Structures are given as C-alpha cells and as structure tokens.
Amino acid sequence: MSKKENMILKIGITPSNAPFRITCLRTFLYIYAIAEKNALLGGNSKIIFQIDDTNEKRRLHSDDQIFDFYEKIGMLPPKYSEVIKTIQTDLKEECENFFKKLRELGFIIHMKNSLYSFDIEKYKEIYGNTVYVNDILHGNIAFELNNVTKQGYINIKRSNGTFLYNFSSAIDTIHWQFTHLIRGNDKLSSAVFQNMIMIALGYKPPVYLHIPLLLEEKNSLNFNAKDDFRDLLKKYGISYMSAINYILNTGYGDNSDFY
C-alpha cells in the first residue's frame, strides 16, 4: 500500500461489548492508519463506519454510544479520509433483493427448520471446488471447499427474516463497493463464504488484510485483548493517546503468528 489508490474500507462493529474492546480498537486503528496514509499520498480514502445490528439479541449499546466513544478518543472523524456512519439493517431491502436474485439463480435451499441456506454444491457445479481469497499479508490463498466445510450449504437467512453475518457482509461489500476489508484472522474462513456469495451474484471480491489476533493472556498491567478500553483509562489514569500507542506496539498474535 505504498502508492495512492481509491480505497473504500469498512469498520464493522456489533453493538455488544465489542466496540470498546482493545482488540476491536486495534483493528480500527489499522483501518484508520491505512486509509489516512493513502489519503496523504494523494489517493481517495473512504471509511464506512457501520454498526452491524442484524442480531438484536447481542445489542448492549446504542449506535450513538458507540459513535460518541470513537469521537471522544479522537478517532472520528479522520483528518484526511471521508467517513460515513451507518447501520447494517439500512440495507435490509437490498439484502432481500439480492436474496431473491440468488433464489432465481438456484442457489437457495429452504431448510426444514425454516432457515434459508446458500447451496455450496450448486456453486461447485458452476465455479469449481476452489475459492481464492486475495490477502495482503497471506497472499492469494486457494481454499478447497471440500476442506473448508463438510456441509453442502451455509445458512444465510433466519426463520424470523433477518440475515446472517456472511450474507449481510457480502451485500455490504457489493453496496459500498469496498476495495479492502481489514479484520482479525479469525475471519479468514468467512472470506471464503462471502466470496462465494459475491461471485455467484456476479461481483468481484475485495482485497483482504487478515491480521493476527492479540494475545488474550493477562499482561503486567493485568488486562488483555478482550478488556474494555475505557476501563484501561479509568484504572491507570493514562491518556487515551498513550494507551493507543501501547496497543499498536504490543501483543501481536501468538508465538507462531507475528505481524
């Protein structure tokens, strides 16, 4: 990412405790830094800051509480990049339209438990058993679908009419025309399913950057990656900029997974 680009990146946060966790903030910092560097080089950077609210059972905080937190610590708005704040359910109608398109193409299975699923076997018949994920850190990875899942389908729509993560994320990417998705490497396998959905709909998948996860073990200050960033400030009375600097310079991955 040394040259200027037209970049559209996503920050997707569930309205649970995740928005305030150190690990979530670190991912945001990577997205923020990459977007700002690209803009400083003369490119156009747009960050879509989205509350992924499709599962209301996980909601613990309001959209305003989340947006206000990132504004308070100085991460919103970015200085050089454009930012759009939105919520995932704003795309419900668009999700329905793309779901109907997949159904017309023969990719949808109606399961006995009222779930709707994407037919992986149908995908393999048309596009083959290999799905590629283009990742900046890991390269262009080839995934054999037989090794990724033993099931011939992935669930994409609940019985109550709401859509699951992999489908919603794929439609997000299509709608906002994301060029890059940056997230933890625990989401690497999800990229396979999301790419399948995008390809089946006739769209090119984005470039990914799956970064190693922070260690969850306690450190010398007795906190870990899943702790609340706000508690870190309260307990030790340090400035948020000092804490952010610390997060960016410590705790990468595990002994076999450094970045």
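Residues numbered from 1 in each chain as written. Predicted model: local features only at pLDDT ≥ 70, side-chain atom pairs only at ≥ 80, totals over all residues. Heavy atoms only, no water.

(A) The arrangement of the confidence of the model for the protein in detail. Confidence in the prediction of the protein, expressed as mean pLDDT, is 87, and 91% of residues score 70 or more. Put simply, helix α9 (residues 240–248) is where the protein has its lowest mean pLDDT, 77, and strand β6 (residues 130–135) is where it has its highest, 98. Every residue in residues 253–259 scores below 50 in pLDDT, and together they form 15 contacts with partners more than four places removed in sequence or on other chains. (pLDDT = per-residue confidence, 0-100. Helix = DSSP H or I, 4+ residues; strand = E, 2+ residues; numbered from the N terminus. Contact = heavy atoms within 4.5 Å.)

(B) Main features of the pairing of strand β3 (residues 82–87). Direction of pairing for strand β2 (residues 44–51) relative to β3: parallel, over a ladder of 6 bridges. Bridge pairing in β3 places Lys46 opposite Glu82. The parallel pair β2 and β3, bridged by helix α2 (residues 63–72), forms a crossover whose chirality is right-handed. (Pairing = 2+ DSSP bridges. Right-handed = clockwise from strand over helix to strand, strands pointing away.)

(C) Inspection of the environment of Pro15 at higher detail. Positionally, Pro15 belongs in the loop between β1 (6–13) and α1 (22–40). Residue class for Pro15 comes out buried when judged on its relative accessible area of 1%. Each C-alpha atom of the pair Pro15 and Asp63 lies 7.2 Å from the other, and the pair is 48 residues apart in sequence. Setting aside anything within four residues of it in sequence, one finds Pro15 in contact with Ile51, Asp52, Asp53, Arg58, Arg59, Leu60, His61 and Ile66. (Buried < 20%, exposed > 50% of the residue type's maximum accessible area, 1.4 Å probe, protein only.)

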